[in-house]
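Fold and contact review
Each chain, written out:
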Amino acid sequence: MKTEWQPTGYILLFIYSFLGMACGSDSNSYTLENYSEVPKMDVHVHIETDRSLFVEKAARDGFRLINVALEYTDGWNDVYQKFDYGRQQEQAHPEKLANVTAFAVSNWDSPDWEEKVIHWLDSCFEQGALGVKVWKNIGMVSRDTAGNLIQIDDARFDPIFDHIRQQGKTLMGHLAEPKNCWLPLDEMTTNNDRNYYGNHPEYHMYLQPEMPSHEELIQRRDNMLEKHPDLKFVGAHMGSLEYDVEELARTLDRFPNMAVDLAARMGQVFYQTAEDREKVREFFIRYQDRLLYATDLSDNGSRTEEELYAAMDAAWKRDWEFFVSDNMMESDLINRPFKGLQLPKEVVDKVFYENGLKWFGMRD
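Residues numbered from 1 in each chain as written. Predicted model: local features only at pLDDT ≥ 70, side-chain atom pairs only at ≥ 80, totals over all residues. Heavy atoms only, no water.

1. Points about the overall build of the protein chain
The helix and strand inventory of the protein chain stands at 13 helices and 11 strands. For 364 residues, the compact-globule estimate of 2.2 N^0.38 gives 21 Å, and the protein chain sits close to it at 22 Å. In terms of overall dimensions, the protein chain has a C-alpha envelope of 105 × 45 × 40 Å along the principal axes. Residues classed as buried in the protein chain amount to 54% of the 364 residues present. In the protein chain, of all internal contacts separated by at least 6 residues, the share reaching a separation of at least 24 is 73%. Here the protein chain displays about 16,600 Å² of accessible surface, and carbon together with sulfur accounts for 48% of that area. If the 39 positive side-chain charges of the protein chain are averaged to one point and the 63 negative ones to another, these points end up 4 Å apart. (Helix = DSSP H or I, 4+ residues; strand = E, 2+ residues; numbered from the N terminus. Rg over C-alpha atoms; globule rule 2.2 N^0.38 Å. Buried < 20%, exposed > 50% of the residue type's maximum accessible area, 1.4 Å probe, protein only. Contact = heavy atoms within 4.5 Å. Areas by Shrake-Rupley, 256 points an atom, 1.4 Å probe, with all protein chains shown as cover. Lys, Arg positive; Asp, Glu negative; His and termini not counted. Charge placed at Lys NZ, Arg CZ, Asp CG, Glu CD.)

2. Remarks on the sheet that holds strand β6 (residues 232–235)
The 9 strands lie next to each other as β8-β7-β6-β5-β4-β3-β2-β1-β9, forming an open sheet whose pairing is parallel. Two strands close off the open sheet at either side, each with one partner strand: β8 (291–292) and β9 (298–299). Pairing of strand β2 (residues 63–68) with strand β3 (residues 97–102) involves 4 bridges; the strand directions are parallel. Counterpart to V68 in the pairing with β3 is V100. Across the face of the sheet, helix α2 (residues 53–60) comes into contact with β1 (40–47), β2, β3 and β9 while running at roughly 145° to β2. (Pairing = 2+ DSSP bridges. Axes fitted to C-alpha atoms, helices over the stretch in contact; angles between N-to-C directions.)

3. Remarks on unusual backbone geometry
One non-glycine residue, H237, adopts positive backbone phi at about 55°. Mapped onto the fold, H237 is located in the loop between β6 and α9 (245–254). Residue M238 is not a glycine yet carries a positive backbone phi of 60°. Tracing the backbone shows M238 in the loop between β6 and α9.

4. Quick word on the layout of surface pockets
Within this model, the largest pocket holds a volume of roughly 1,300 Å³. Around the largest pocket sit 40 residues that line it, and Y196, A264, T295, D296 and L297 are the ones nearest its centre. Secondary-structure elements contributing two or more residues to the lining of the largest pocket are β1, α7 (191–199), α10 (266–275), β9 and α12 (305–324). Classifying every residue of the lining of the largest pocket gives 15 nonpolar, 12 polar and 13 charged. (1 Å grid on protein atoms, 1.4 Å probe; cavity = no way out; pocket = protein on both sides within 12 Å on 5 of 7 lines; lining within 4 Å. Points joined across faces, edges and corners; volume = space filled by probe spheres on them. Nonpolar A, V, L, I, M, F, W, Y, C, P; charged D, E, K, R; others polar.)

5. Regarding the side chain of N191
Looking at the secondary structure, you find N191 in helix α7. Residue classification places N191 among the buried positions, given a relative accessible area of 16%. Engagement of the side chain of N191 in a polar contact is seen with the side chain of R194, the distance being 2.5 Å. A polar contact is formed between the side chain of N191 and the side chain of N335, at a distance of 2.8 Å. (Polar contact = N/O pair within 3.5 Å; in protein donor to acceptor, adjacent residues only side chain to side chain.)

6. Some remarks on helix α6 (residues 158–166)
When α6 is considered as a whole, its buried residues turn out to be D158, I160, F161, H163 and I164. For α6, the elements touching its buried residues are α4 (113–126), β4 (131–134), β5 (170–173) and α8 (214–227). Just beyond α6, the residue with positive phi is G168, at close to 70°.

7. Quick notes on the pairing of β6
Walk down a regular strand and you will see the side chains alternate between the two sheet faces. The pairing of β5 with β6 spans 4 bridges and is parallel. Each residue of the ladder has a partner; that of M172, found in β6, is V234. Relative to strand β7 (residues 258–261), β6 runs parallel, the two being bridged by 3 bridges. The partner of V234 across the bridge, within β7, is A259. Handedness of the β6-α9-β7 crossover: right-handed. (Right-handed = clockwise from strand over helix to strand, strands pointing away.)

Here's what the structure looks like:
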């Protein structure tokens, strides 16, 4: 009587390994369960309160933070107040939060403007600031006393940027806006842009055709980078080239000292992924040393703990799933489903952590 064939242990191991690959498992990829245990960094947040809820949750979730100051609508008062909140947080949580400072152009035509800026920046560097943020008011809002828009390639900025470079610090630039800003609301590619410009028509350039084009503002940014090739530059919000990873790739190739953060532009990443996942995945792998995870999350003390934590979870856990898994996903940022990129662990480690250390000169 013939006995029924039984696979040997080696054959069983091969079968299980094959089935595991067929089911999409990948030992070179993180899982959703790895979320809290993997070191991560959000390099672009805004904490404008003395409460510590944001940093405490970040620590539990495995995040370090870079808090970013800026000139908003109140000139130097904005800069002082926002940096002061950041310093309070850093002093309370020195291992979990660092700061990027800013300066104002509200007194642009004052003869001592340059001296004041450099004095202020030095005082911030002495307190540990990693870099300096310039905001979209340069090019889109702030004007000199003659009524001309102040542009980032103006020669008056040159000694400031030279000083930042000489001090070994990083310039972070939110210059221009997403290309959707120059489109009518119903033609925008992402819901978050549609909602933002619907609520902030003062920044909706489609409604202001006399203002500079997206192309002009990007060209002025590039002019500045050409004048300062050794300046370490992080383009906030994907360098305002969020609409096309191929265009962003060409810019990164052109400026080797430029990186970009992903703050508030994941909708654009999702949109392009829905169009061509492999193109987006290849971009993240090829430029794995030049991309920094960031969200633009904020806390000004107005939300309850539950509301704040829900917003943090919604962004951080959604993005982790997108980068580490190949799950089919949906997001209220766009109106189409898309598939996660399932990037290799070494790429995730760089985007979520190591690049923040490198581009802002932080200690591990």
